[in-house]
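Chain by chain, the residues:
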Amino acid sequence: MMNLNEDQNPLHSLDEWDDDVKLRYPAPEPDGGHEPSIEPPQDDSFRNYGNDVRDGVREFYRLNHQGQTVDFVRAQRRKYLPLRTRRMGIWEAMDFLNELVDDSDPDIALPQIAHAVQTAEAIRQDGQPDWLIVAGLIHDMGKVLCLFGEPQWAVTGDTFPVGCRHSEKIVYHEFFQFNPDWNNSQYRSEDGMYEPGCGLDNVLMSWGHDEYLYQVVRDYLPIEAQYMIRYHSFYPGHRERAYQHLLNAQDRDMFRWVRKFNRYDLYTKSEQQPDLDAVLPFYHQLVAQFFPDSIWW
Ligand code: FE
Ligand code: FE
């Protein structure tokens, strides 16, 4: 992949982060209701980790936890919002994203589109509504941020609120001691710069592909899909139940969808390549149902 600066990009591919999350959460969370038809992963259904990958993931988190400050998030928002970087359609963006092809996954020629289609197909096979299928297809397209020159730690990784105490449920929590906000008295308390129960829409999340894509597609998708896209990497919230004190009633309600979506995102990755020729006509029609030919990124 395009690694402009290896010091800032310790992962061989962005997918190493996703794979590491699957090591942390090897099985889907029971959702108490309708169970999507997903088999928990069998033994080593995804890549085995060499030490250099583990070291890369650790270094990735060090950079992420050190760099994601209130000031950094505000600067990224000023840089990208309102959207004005590029105008392109969903498929144009998908092609663009495929430039992220990396050397760590020789079996999969188009890893980004493969994950997009695998996620969407599992949702489709469960008979879920169209908006959920289309959200599955596009959910990681915010990773185009990498192609705009952003370092990996500002594109992927677990997301978390900035401007308040970092939950100990965040993986590699110890690296937050290197974050300049750690010693800022305004941000040190549990609520930090927020009012309890203010709702996540009023909370600044660490910057990455989730928040960015939410901003790109929010006008075209229902609120449930917006939540799924915006918070799919917020593992401290949706898996660990941290930051409950910031949520409002709508957040708690919508997180049912975020959790449902997580099962499809995390547990449908496989080495088996989807048959793109067979399924793409369906997805072309589906995307056209929700999106105009061209949108702002
Ligand atoms: Fe993602
Ligand atoms: Fe994903």
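Residues numbered from 1 in each chain as written. Chains lettered and ligands numbered in written order. Predicted model: local features only at pLDDT ≥ 70, side-chain atom pairs only at ≥ 80, totals over all residues.

Examining the overall build of the protein chain
Put simply, the rule is: Under the DSSP-based scheme used, a helix requires at least four consecutive residues in state H or I and a strand at least two consecutive residues in state E, with every element numbered from the N terminus. Exposed residues have 12 or fewer other C-beta atoms within 10 Å of their own C-beta, buried residues have 20 or more, and residues in between are partly exposed; the C-beta atoms are placed from the backbone. Residues are defined as contacting one another if the C-beta atoms placed from their backbone atoms lie within 7 Å.
Within the protein chain, the regular secondary structure consists of 12 helices and two strands. Sequence-ordered secondary structure for the protein chain, helices as α and strands as β, is α-α-α-β-α-α-α-α-α-α-α-α-α-β. Buried positions account for 42% of the 297 residues belonging to the protein chain. Within the protein chain, counting contacts between residues at least 6 apart in sequence, those at least 24 apart form 79% of the total.

Brief notes about the packing of helix α5 (residues 111-125) against helix α6 (residues 130-138)
How we decide: Here an axis means a line fitted to C-alpha atoms, over the contact stretch when the element is a helix, while the angle between two N-to-C directions is reported on a 0 to 180 degree scale. In this scheme, roughly parallel covers angles under 35 degrees and roughly antiparallel covers those over 145, while 65 to 115 is roughly perpendicular and the rest are oblique. Should the near helix be turned anticlockwise from the far one by less than a right angle, the crossing is left-handed, and should it be turned clockwise, the crossing is right-handed. Only Asp, Glu, Lys and Arg are considered charged in this grouping, and only Ala, Val, Leu, Ile, Met, Phe, Trp, Tyr, Cys and Pro are considered nonpolar; every other residue, Gly among them, is considered polar.
α6 packs onto α5 with a crossing angle of 165 degrees between their chain directions and a minimal axis gap of 7 Å. By the angle between their directions, the pair α5 and α6 is classed as roughly antiparallel. For the pair α5 and α6, the crossing hand works out as right-handed. Contacts between α5 and α6 pair Ala-116, Val-117, Thr-119, Ala-120, Ile-123 and Arg-124 from the former with Leu-132, Ile-133, Gly-136 and Leu-137 from the latter. Of the residues that constitute the contact of α5 with α6, the class distribution is seven nonpolar, two polar and one charged.

Notes on the environment of Tyr-61
When you line up the elements, Tyr-61 lands in helix α2 (residues 51-67). You can call Tyr-61 buried: it has 23 C-beta atoms within 10 Å. C-alpha of Tyr-61 to C-alpha of Phe-176: the two residues are 115 residues apart in sequence and 9.5 Å apart in space. Once you skip the residues sitting within four places of it in the chain, Tyr-61 turns out to touch Gly-157, Val-171, Tyr-172 and Phe-175.

Things to note about the nonpolar core
For clarity, the cut-off: Defined on buried residues, the nonpolar core groups Ala, Val, Leu, Ile, Met, Phe, Trp, Tyr and Cys residues joined through C-beta atoms within 7 Å.
If you look at the biggest cluster of nonpolar residues, it comprises 68 residues, and the most contacted ones within it are Ala-135, Leu-137, Met-228 and Val-258. Here Leu-137 is in contact with Ala-116, Val-117, Ala-120 and Tyr-283, once residues within four sequence places are set aside.

Examining the confidence of the model for the protein chain
Predicted coordinates in regions of low pLDDT should not be interpreted in detail. Where we set the bar: One confidence number per residue, pLDDT, is output by the predictor and ranges from 0 to 100.
Overall, the prediction assigns the protein chain a mean pLDDT of 91, with 90% of residues at 70 or greater. In this model residues 43-47 is a low-confidence stretch, pLDDT under 50, and it forms six contacts with partners more than four residues away in sequence or in other chains.

Thoughts on unusual backbone geometry
Pro-82 follows Leu-81 through a cis peptide bond whose omega is -10 degrees. Relative to the elements of secondary structure, Pro-82 occurs in the loop between α3 (70-80) and β1 (87-88). Positive phi outside glycine occurs at Tyr-172, with the angle close to 55 degrees. Assignment of secondary structure puts Tyr-172 in the loop between α7 (144-147) and α8 (209-217). Tyr-172 sits in the partly exposed class, given 15 other C-beta atoms within 10 Å. Although it is not a glycine, Tyr-243 adopts a positive phi angle of roughly 65 degrees. By secondary structure assignment, the location of Tyr-243 is in the loop between α10 (235-238) and α11 (249-267). According to the C-beta neighbour criterion, Tyr-243 is buried, with 22 such atoms within 10 Å.

Concerning α2
What counts here: One less than the number of residues in a helix, times 1.5 Å, gives the span that helix is expected to have.
With 17 residues, α2 extends 24 Å between its outermost C-alpha atoms, agreeing within 8% with the 24 Å of an ideal straight helix rising 1.5 Å per residue. Residues of α2 that are buried include every one of Gly-56, Val-57, Phe-60, Tyr-61, Leu-63, Asn-64 and His-65, and no others.

What to know about the packing of α6 against helix α12 (residues 276-290)
For the pair α6 and α12, interaxial distance at closest approach is 10 Å and the crossing angle is 105 degrees. Here α12 runs roughly perpendicular to α6, going by the angle between their axes. Across from Asp-130, Ile-133, Val-134 and Leu-137 in α6, the residues of α12 making contact are Tyr-283, Leu-286, Val-287, Gln-289 and Phe-290.

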